[in-house]
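Results of the structural survey
Here is how the chains run, residue by residue.
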Amino acid sequence: DSWPACHYPSRAGINMAENGDPDALEEEEPQVDTSFSHAIIVDGLPKVPPEKHEKLNNVIRKFFSQVGKILENGLDHPKDPETGMSLGFAFIEFSSADEANAAVAKANGYRLDKSHMFVVNLFTDFAKYASIPDEEVEAQPEPYVPKENLKSWLLDPTARDQFVVRYNEECEIWWNDPTRPDPVPEHSRRGWSENYVAWSPRGTYLATFHNQGIMLWAGASWKRMQRLSVRGVKLLDFSPCERFVVTWTPEGDQKEALVVWSTATGAKLRAFQGTKDGDSTEMAWPAFRWSHDDEFFARLGEDCIYVYESCSMKLIKDKQDKRSSVKADGVRHFLWSPTDNVVSLWAPEHMNQPAKVVLMELPSRSELRQKNLFSVADLRMTWHEQGHFLCVKVDKHSKSKKTLNSAFELFRLRDKGVPIEVQEFSKDTTILAFAWEPKGLRFAVVHADGGSNRTDVSIHTMGSKHNGRVSLLKTCEKKVCNGLFWSPAGGILLLANLKGTAGQLEWLDVNVMQTIGEAEHFMCSDIEWDPTGRFVATSVSHWRHQMENGYNLWTSHGRQCGHVKQDKFYQLLWRPRPPSLLTETKEKEVRRNLRDYSKKYEEDDLKAKRSLQGDMLKQRKEKHEAFEAFLSETRALYAQQRAARVELRGGLESDNESAYTLIEDVDEVELSYKEEIIGRVSVEIGDD
């Protein structure tokens, strides 16, 4: 009952009379501090006999002194009055409440030995736990408050897509609806972001940048879902499944400048080293590359790759069950497969060792395939969207070291042993662009002949997902382009010339190898297809050009359906859609029966067209009625004016001039003259 000790006031608690007379001292009644916020209860201690009490107390005192200062006589270890055995719990009093809280955080759950684990609570919690009634009281459920559906935009009846535009200080989110003649933004805010904006990979969140951190917005009302409190963020990256966010801050200490956050809670999970030398221009982005399922993320190191588990934020374990990096001598670059936990990495030639490309399965670290290469000047890796193939573009030195020869090393991931096919090009050929067809087996290449300025586009096919052979389908000659943009649905390829201010665009139907549309967007700097492949946006960003800022919207066949000019236009980003729930086989079946499915949508399109025509007819009718009303008002005004003129004419109503006689009155004026000589000048003066 005597512990914890009560705190009594010191000399400060004694008041002296105003006259300063010591005899007039008036002592106040001592106030007892009953909060005990600086005290803790430690349970789970060993029960020991009296001869071991002192030894156990020293262990307890030594452990908890690491957290804070224990007051004198601040450790009380109760004993059984009859046997002298300790009771297995103790009271500890620190110098402050902060130290008590720190002790609970550190010691609770600490295992003293195999049989004993500390259970630590604040002394102030004792009353809370003691007040729990012995009889169970049925809890009353709180009223259900439905949460906002974060996928609500996917429920649009006409399956429209959304996109965000940023210009000047404005941020606007639009529905893409070419059938509406005068659309308005679905949501807009001024000063919504201080920098650029970014969608999450599945379109759930919109990230905005602010001086105090990152904001994540979602739902139909665009409510703020999370706030990541970190100042001065310059770069941001989402994990593929949107579970994590990575931010980098160039200012300040780079030891913890790279941070991984939880999207669901906004909690800071772990901080990593940013740039090594503090130079912000040297930051490679994305700093981490994520596996397709968010289970792992990796970063390039010196002769190794650091691969971490997202659940623990620690390195993966090796075969000896030790956490360590994945060794790869001289590794220069690596990429994850879009669909499997497989990484492709390459290392240049070093110490008489050839360059090599390695496919490795993680976390088992099993090597699936390795290809040695010689005389490598440069190497680029590109994964197929469905992970079926990997293209490795290799630029090799010729024997004279004066020219470069290009070749494709094509890995077939779905075949046993991962066979490799080689696609070589002539000596004077330069590869300008390469792109896989999404959800298909084809790829396109833009190549130029070194002897001329002509550029051609070649379409190749892998033949089959299993046991196929690569072959050339067609070479489209004399195509002025330097960029390839496949429709997300496949089948249509957009050829673009984004060099300088050119902006030539050409839509190519790869199924029939015919051009289906041509256009030009002067100074075009960015091209982005919508997630469904029905529309494509071309834009001129203020970051690239200070003139002609704005964007155009086109159909998949190259027909322009929208043109917007905005001063200081920065971004247009389509809102991504989550992966389809249909299997690859089911999607193929839908494509085969597309005509049957299209009948329903053609009927809907016809209804929409008629509705639009009805709206146009209604607008025309309203304009016609307004014009008729204007004519009636004008006629009435004219009748009033005519009546006023008749009244002025004395009742004559005719407006014909021949019906009137013009009477002119002439006044005669007699003039007289006289001459006067003034000096040498003769002046004639006339007066009336």
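Rules and cut-offs
- Residues numbered from 1 in each chain as written.
- Predicted model: local features only at pLDDT ≥ 70, side-chain atom pairs only at ≥ 80, totals over all residues.
- Heavy atoms only, no water.
- Phe/Tyr/Trp six-rings, centres within 6.5 Å; stacked < 30°, edge-to-face > 60°.
- Helix = DSSP H or I, 4+ residues; strand = E, 2+ residues; numbered from the N terminus.
- Buried < 20%, exposed > 50% of the residue type's maximum accessible area, 1.4 Å probe, protein only.
- Pairing = 2+ DSSP bridges.
- Patch = residues over 30% accessible without salt bridge, like charges linked within 9 Å, V, L, I, M, F, W, Y side chains within 5 Å.
- Areas by Shrake-Rupley, 256 points an atom, 1.4 Å probe, with all protein chains shown as cover.
- Salt bridge = Lys/Arg side-chain N within 4 Å of Asp/Glu carboxyl O.
- Lys, Arg positive; Asp, Glu negative; His and termini not counted.
- Charge placed at Lys NZ, Arg CZ, Asp CG, Glu CD.
- Axes fitted to C-alpha atoms, helices over the stretch in contact; angles between N-to-C directions.
- Arc of directions from axis to C-beta.
- Contact = heavy atoms within 4.5 Å.
- Core = buried A, V, L, I, M, F, W, Y, C linked by side-chain atoms within 4.5 Å.

1. Examining the packing of aromatic side chains
Enumeration according to the criterion identifies 33 aromatic pairs in this entry. For the ring pair Tyr196 and Phe209, a centre distance of 4.4 Å and an interplane angle of 45° mean the geometry is tilted. With Tyr196 in the loop between strand S9 (187-190) and strand S10 (197-199) and Phe209 in strand S11 (residues 206-210), this residue pair connects regions lying 13 residues apart in the sequence. Accessibility expressed as a relative area gives 2% for Phe209, which makes it buried. Arranged with centres 5.1 Å apart and planes meeting at 90°, the rings of Phe288 and Phe297 form a pair that is edge-to-face. The exposure class of Phe288 is buried, given its relative accessible area of 1%. Ring pairing ties together the aromatic residues Phe244, Phe272, Phe288, Trp290, Phe297 and Tyr308, which thus form one cluster.

2. Some details on the pairing of strand S13 (residues 223-229)
Here strand S12 (residues 213-218) pairs with S13 via six bridges, running antiparallel. The partner of Ile214 across the bridge, within S13, is Leu228. Between S12 and S13, which follow one another and run antiparallel, lie four residues, and Gly219 among them has a positive phi close to 85°.

3. Notes on unusual backbone geometry
With an omega dihedral of 5°, the bond running from Trp285 to Pro286 counts as a cis peptide bond. In this structure, Pro286 sits in the loop between strand S17 (268-272) and strand S18 (289-290). Going from Leu362 to Pro363, the amide bond is cis rather than trans, its omega being 10°. You can see Pro363 is positioned in the loop between strand S24 (355-361) and strand S25 (366-373). The backbone of Met351 sits at a positive phi, close to 50°, despite the residue not being glycine.

4. Re a positive patch on the surface
Side chains of Lys439, Lys588, Arg591 and Arg592 sit close together on the surface and give a patch of like positive charge. Positionally, Arg591 belongs in helix H4 (residues 584-592). For Arg591, a relative accessible area of 39% corresponds to the partly exposed category.

5. Describing the sheet that holds strand S37 (residues 514-520)
In a beta sheet, neighbouring strands are held together by backbone hydrogen bonds and run either parallel or antiparallel to one another. The four strands are arranged S34-S35-S36-S37 in an open sheet whose pairing can be described as antiparallel. Where the open sheet ends on each side, the last strands, each with one partner, are strand S34 (483-486) and S37. Between one strand and the next, the sheet's axes are offset by a mean angle of 20°, whatever the strand orientation. Two strands pair when backbone bridges link them, and strand S35 (residues 492-497) and strand S36 (residues 504-509) are joined in this way by six bridges, in the antiparallel orientation. Note that in S36 the partner of Leu493 across the bridge is Leu508.

6. A few points about the environment of Ala502
Summarising the element assignment, Ala502 is placed in the loop between S35 and S36. Judged by relative accessible area, Ala502 falls into the buried class, the value being 19%. Each C-alpha atom, one on Ala502 and one on Cys481, is 9.6 Å from the other, the two residues being 21 residues apart in sequence.

7. A few points about helix H2 (residues 97-107)
Inspection of H2 places Glu99, Ala100, Ala103, Val104 and Ala107 among the buried residues, and these make up the whole buried set. Down the axis of H2, the sector holding all buried residues measures 145°, keeping them to one side. Exposed residues on H2 whose side chains face more than 90 degrees from its buried face are Asp98 and Ala105. Packing partners of the buried residues in H2 comprise strand S3 (39-43), helix H1 (53-64), strand S5 (89-94) and strand S6 (119-122). Phi turns positive one or two residues past the end of H2, at Gly109, with a value near 90°.

8. A word on the sheet that holds S9
Spatially, the four strands line up as an open sheet ordered S9-S8-S7-S42, and their pairing is antiparallel. The open sheet is flanked by S9 and strand S42 (569-574), the only strands paired with a single partner. Taking the axes of each pair of neighbouring strands and ignoring which way they run, one obtains an average angle of 10° across the sheet.

9. Examining a nonpolar patch on the surface
Judged by side-chain polarity, Leu594, Tyr597 and Tyr601 come together as a nonpolar surface patch covering roughly 320 Å² of accessible area. Mapping Tyr597 onto the fold places it in helix H5 (residues 594-648). Using a relative accessible area of 37% as the deciding quantity, one classes Tyr597 as partly exposed.

10. Remarks on the pattern of salt bridges
Within this structure, the stated rule accounts for 19 salt bridges. Put simply, Asp125 and Lys128 hold a salt bridge, and the shortest N to O gap is 3.9 Å. Residue Asp125 and its partner Lys128 are located together in helix H3 (residues 124-130), separated by three residues, close to a single helical turn.

11. Details of the nonpolar core
Counting residues in hydrophobic clusters, the biggest one holds 32 residues, and the most contacted among them are Ile214, Leu236, Leu258, Val260 and Phe288. Where this core is concerned, the elements lending two or more residues are S11, S12, strand S14 (235-238), strand S15 (244-248) and strand S16 (258-262). Other than its neighbours up to four places away in sequence, Leu236 contacts Tyr196, Ala198, Ala207, Phe209, Ile214, Val245, Val246, Thr247 and Trp285. One finds Leu45, Val48, Phe63 and Ala90 within the second-largest nonpolar core, a separate group that totals 20 residues.

12. Observations concerning the pairing of S6
Along S6, the buried face is formed by Val120 and Leu122; none of Val119 and Asn121, which line the opposite face, is buried. When S3 meets S6, the two strands line up antiparallel, connected through four bridges. Bridge pairing in S6 links Ile41 to Asn121.

These results come straight from atomic positions and should not be treated as a statement about function.
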